[in-house]
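Fold and geometry: a report
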Amino acid sequence: MSHRVNLISFGELHFCIKNQQFFKGEQEVRAEPKVCELLTYLYQNRDRYVSLHELHEALWCGRVVSDTAVRRTISKLRSLLADEASADGCIRSLSKRGYKLVIDSLNDKNQDVNECQTGGDVFGQPDVVAIDVIDVRQQATEAVSEIVPVTKNTASPVLFTNRWMTFYLLLLLLAVLVLAALVPTFSDNAETIQLNSDKIQTFVLSQDKRFIVYAADLSGLDGYQLFLKDLNTGFVQQLTRGKKKYIAAAFTDQGNTLLYISWDYKNYQLRQIDIQNAAAVEMESNLLLEQSLPITNLYVDDQAEIFLTIYSSLQTAAIYQFDRNSLTTKAVTFPRDTGTYDEFPLFNHQTDTLYYIRTQASGNPILMAQDYQNGKTLKQVTLPKGRLRDLQWYDEDELLLLYTDQILVAKLASGKLKRLENTAENTTYLKLQSWHNNKFLLLENTAMQRQFYLHQQTGKAPLLNIPEMVYRVKFTHSEDKLLLCSRDAAGSMLSVLDKQTGKESLLMKTQGTINDLAISPDGNTVHLSIDKRLAIFNQETASLYFITNEAQQVAGLGEFSHDNSFLLYGEKFGGRWRIVKHDLATQQSSVWIEDYVRVKRMPQGYALQGIEGHLFQLKSTNGKPEPLAVAPLDLYEEFQLRYPLVYQRQVRDGHYQLAAFNLLNGQETIVESQTLVSFDFSVDNRFFITQRISYQSSLRNISLSH
């Protein structure tokens, strides 16, 4: 009769496998959960050496930890057992093979206990039943002898027994080979993973590294779907139907369930789907949470706790814990400032610490460490400016920060940062996930082609025939002419294109980069942003001069006055935003109004944007700004004050739509639902141009080490 061992004794120190607890007599001996899991796994595999890689896979389930973290956990277990026995004798290590728990080197009493407790004290001395170590060879011989009696005077029954033993061993070897063929494999040398699509939004790798789920557009018409790929067989299965976009995904329930966030251009939804069901489609997935405001980040930790980033307004986002049983959320961070976003949660159960990124419309992102129980901030690390895409574990005391253009590692103890990799030209990073030993899967997009579309208020949007090197297009005061910004190895160029003849005429050339441009109401003057400096170009005299320098912080382009006499632009001076008035005749600048960031010309008067994104209308230069009813816009979202108000609305990280707001009835409508890079309206508002960039996505295997 076989017995299940629940209690391991090391002298006076006992370990309960069921409850994952150490105790001496009536006193509990505290130990980290990973130390308990390590001892359990070593005991279950005590007949062999267990490699570092196997311990990483078994105990950390694909989480980003280094070999040092595994060795540190082994060292902690050795220290715990050192008082009772020789730690090195208890846990032996063999070069290039791994670690082995040697029970018989101790005063071994591997007791068979169904419950690691007594009827009285929890840590009282339990009743134990001693068991013997079973000799597998003796057990096999006894099993065979029950079929073939062993006779003292003949050798043939023994030979026959050996044949049966050989037969059993061959069967065992065959079973091992079959199981080995079924074990998921993933090549360390693979440079890329082919996902049957050039456009990928997000991906997630299962804990056993066998499956990858990714959101891809196979049609080329933004018809994204979720796909499940078996990395062993290459078989791809479509999981969803319907035109949606997918924000994030995560495996849970030992890889049997997939959680994902989708957006149907109206509402954001958190859904779960059973990937074991071969006929799974979108109609059969379970809806867990739905709201009109964005749900962005999804994180499931190693104990199946679910964390989400949920927007309470377009200007505020916090991190919530989601309960799948009650379908309720509980806020775990509380950003009170408008324009503040808490994103990319990671949770450490051992220290009860929540890590996340806090970003604001202005200023650097901050890496936050927060006590999960009381909400107290434990540490803050100011990060470099830039757009963060992902936050991942690198080691148990280090985090990886994925920017669009670089990968950094942050040490939690010291707060120091180190750059590990930079992107190639025209490439942006999207998502990162580890799979083992400092190896990661990296999703990146490479810009392939800029496409410009000419829209009318009614009708389709034909593709404009624009030269390949052009990256910005603006209307002039003539329907037949467009201003073009292009670049080559020598710098940037401003030219005018005749749509009828296709002829392009060069206006000016500069060694810097023209970031953006605007044209005056009379069409004679062009306002430029060159390497973040503001400049004025006069087409009649072909002259260019700068009105700001590199040290001045400005809020994008300025705006011409109605009579073309001056230019208004936002500038930050002494930590305070203000609108500056630049006289085009005298080329002198002066402060126009304080505490506003940007200004736009309206049919009558001007619109001002405050430091928190709210919009105000100034009907006359001597009047008082009055608030507009439109929802606040992020400081990096472009808008133009036409009738109605037209602006870019960020619907989620890095994705914008063109929206219009009617100032009379307060209604917002979507003008263009596709993700845009830039837009411009003609003077009479009958036409507008939108720009999109087509990307090629790739998922490649990289090694990161420092």
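What counts and what doesn't
Residues numbered from 1 in each chain as written. Predicted model: local features only at pLDDT ≥ 70, side-chain atom pairs only at ≥ 80, totals over all residues. Heavy atoms only, no water. Helix = DSSP H or I, 4+ residues; strand = E, 2+ residues; numbered from the N terminus. Contact = heavy atoms within 4.5 Å. Areas by Shrake-Rupley, 256 points an atom, 1.4 Å probe, with all protein chains shown as cover. pLDDT = per-residue confidence, 0-100. Expected span 1.5 Å × (residues − 1). Buried < 20%, exposed > 50% of the residue type's maximum accessible area, 1.4 Å probe, protein only. Pairing = 2+ DSSP bridges. Axes fitted to C-alpha atoms, helices over the stretch in contact; angles between N-to-C directions. Phe/Tyr/Trp six-rings, centres within 6.5 Å; stacked < 30°, edge-to-face > 60°. Lys NZ or Arg CZ within 6 Å of the ring centre and 35° of its normal. Salt bridge = Lys/Arg side-chain N within 4 Å of Asp/Glu carboxyl O. Polar contact = N/O pair within 3.5 Å; in protein donor to acceptor, adjacent residues only side chain to side chain.

**Topic: the overall build of the chain**
The helix and strand tally for the chain stands at six helices and 52 strands. The contacts of the chain with a sequence gap of at least 6 include a subset with a gap of at least 24, amounting to 41%. For the chain, the computed accessible surface area is about 35000 Å², with 48% contributed by carbon and sulfur atoms.

**Regarding the confidence of the model for the chain**
A low pLDDT score tells you not to read the predicted coordinates there in detail. Here the chain averages 75 in pLDDT, and 72% of its residues register 70 or above. Throughout residues 117-161 the model reports pLDDT below 50, and contacts reaching past four residues in sequence, or to other chains, amount to 39 contacts.

**Regarding helix α1 (residues 33-44)**
Across its twelve residues, α1 extends 17 Å between first and last C-alpha, which sits within 8% of the 16 Å expected from 1.5 Å per residue. Among the twelve residues of α1, nine are classified as buried, and the element is accordingly described as predominantly covered. Within α1, the full set of buried residues consists of K34, V35, C36, L38, L39, T40, Y41, L42 and Y43.

**Digging into the sheet that holds strand β46 (residues 626-627)**
Read from one edge of the open sheet, four strands run β43-β44-β45-β46, paired in antiparallel fashion. Strands with a single pairing partner mark the edges of an open sheet, and in this sheet they are β43 (596-601) and β46. Pairing geometry for strand β45 (residues 615-618) and β46, over two bridges, is antiparallel. Across the sheet, F616 pairs through a bridge with P627, a residue of β46.

**Some details on the sheet that holds strand β4 (residues 27-29)**
Across the sheet, four strands lie side by side as β1-β2-β3-β4; this open sheet has antiparallel pairing. The sheet is open, and its two edges are formed by β1 (7-10) and β4, each paired on a single side. Taken pair by pair, the neighbouring strands of this sheet meet at an average axis angle of 30°, ignoring direction. Here strand β2 (residues 13-16) pairs with strand β3 (residues 21-24) via four bridges, running antiparallel. Bridge assignment links F15 to a residue of β3, and that residue is F22. Contacts between α1 and the sheet are confined to β1, β2 and β3, with β2 contributing the most and set at about 85° to the helix.

**Remarks on the packing of aromatic side chains**
Following the criterion strictly, the structure yields 13 aromatic pairs and no others. An angle of 25° between the planes, with centres 5.7 Å apart, marks the rings of Y214 and F227 as stacked. Of this pair, Y214 sits in strand β9 (residues 211-217) while F227 is found in strand β10 (residues 224-230), placing the two residues 13 residues apart along the sequence. The exposure class of Y214 is buried, given its relative accessible area of 2%. Under the relative-accessibility criterion, F227 is labelled buried at 5%. For the ring pair Y311 and Y341, a centre distance of 5.5 Å and an interplane angle of 45° mean the geometry is tilted. In this pair, Y311 sits in strand β17 (residues 306-313) while Y341 sits in strand β20 (residues 340-348), placing the two residues 30 residues apart along the sequence. One aromatic cluster is present, formed by Y299, F307, F347 and Y372 through successive ring pairs. A cation over an aromatic ring shows up here: R487 above the ring of Y471, its NZ or CZ 3.9 Å from the ring centre. Its guanidinium or amino end placed over the ring of F546, R533 lies 3.9 Å from that ring's centre, counting from NZ or CZ.

**Things to note about the pattern of salt bridges**
Overall, the coordinates contain 13 salt bridges when judged by the stated rule. For D390, the salt bridge goes to K431, with nearest N and O atoms at 3.5 Å. Of the two residues, D390 sits in strand β24 (residues 388-395) while K431 sits in strand β28 (residues 427-436), which places them 41 residues apart along the sequence. Judged by relative accessible area, D390 falls into the buried class, the value being 7%. Residue class for K431 comes out buried when judged on its relative accessible area of 18%. Residue E594 pairs with R576 through a salt bridge whose shortest N-O separation is 3.7 Å. In this pair, E594 sits in strand β42 (residues 589-594) while R576 sits in strand β41 (residues 576-583), placing the two residues 18 residues apart along the sequence. On the basis of relative accessibility, which here comes to 32%, the residue E594 falls in the partly exposed class. Judged by its relative accessible area of 42%, R576 falls in the partly exposed class.

**Overview of the pairing of strand β12 (residues 245-252)**
Burial runs high along β12: eight of the eight residues are buried. Of the pairings in the sheet, the one linking β12 to strand β13 (residues 257-263) comprises seven bridges and is antiparallel in character. Following the sheet pairing, T252 is matched in β13 by T257. Hairpin connection from β12 to β13: four residues lie between these consecutive antiparallel strands, with D253 at a positive phi of about 55°.

**Some thoughts on the side chain of Q269**
Examined against the element boundaries, Q269 turns out to sit in strand β14 (residues 268-274). By relative accessible area, which is 6% here, Q269 ends up buried. In terms of polar contacts, Q269 uses its side chain to reach the side chain of R271, at 3.0 Å. Aside from chain neighbours lying at most four places away, what touches Q269 is K244, Y260, I261, S262, D264, L287, L289 and E290.

**Description of the environment of Q315**
Looking at where Q315 falls in the secondary structure, it is placed in the loop between β17 and β18 (316-323). Each C-alpha atom, one on Q315 and one on Q360, is 9.3 Å from the other, the two residues being 45 residues apart in sequence.

**What about the pairing of strand β33 (residues 504-510)?**
Sheet analysis places strand β32 (residues 491-498) next to β33, joined by six bridges and oriented antiparallel. Looking at the pairing, S492 lines up with T510 of β33. Linking two consecutive strands that pair antiparallel, namely β32 and β33, is a turn of five residues; a positive phi of about 80° is found at G502 within it.

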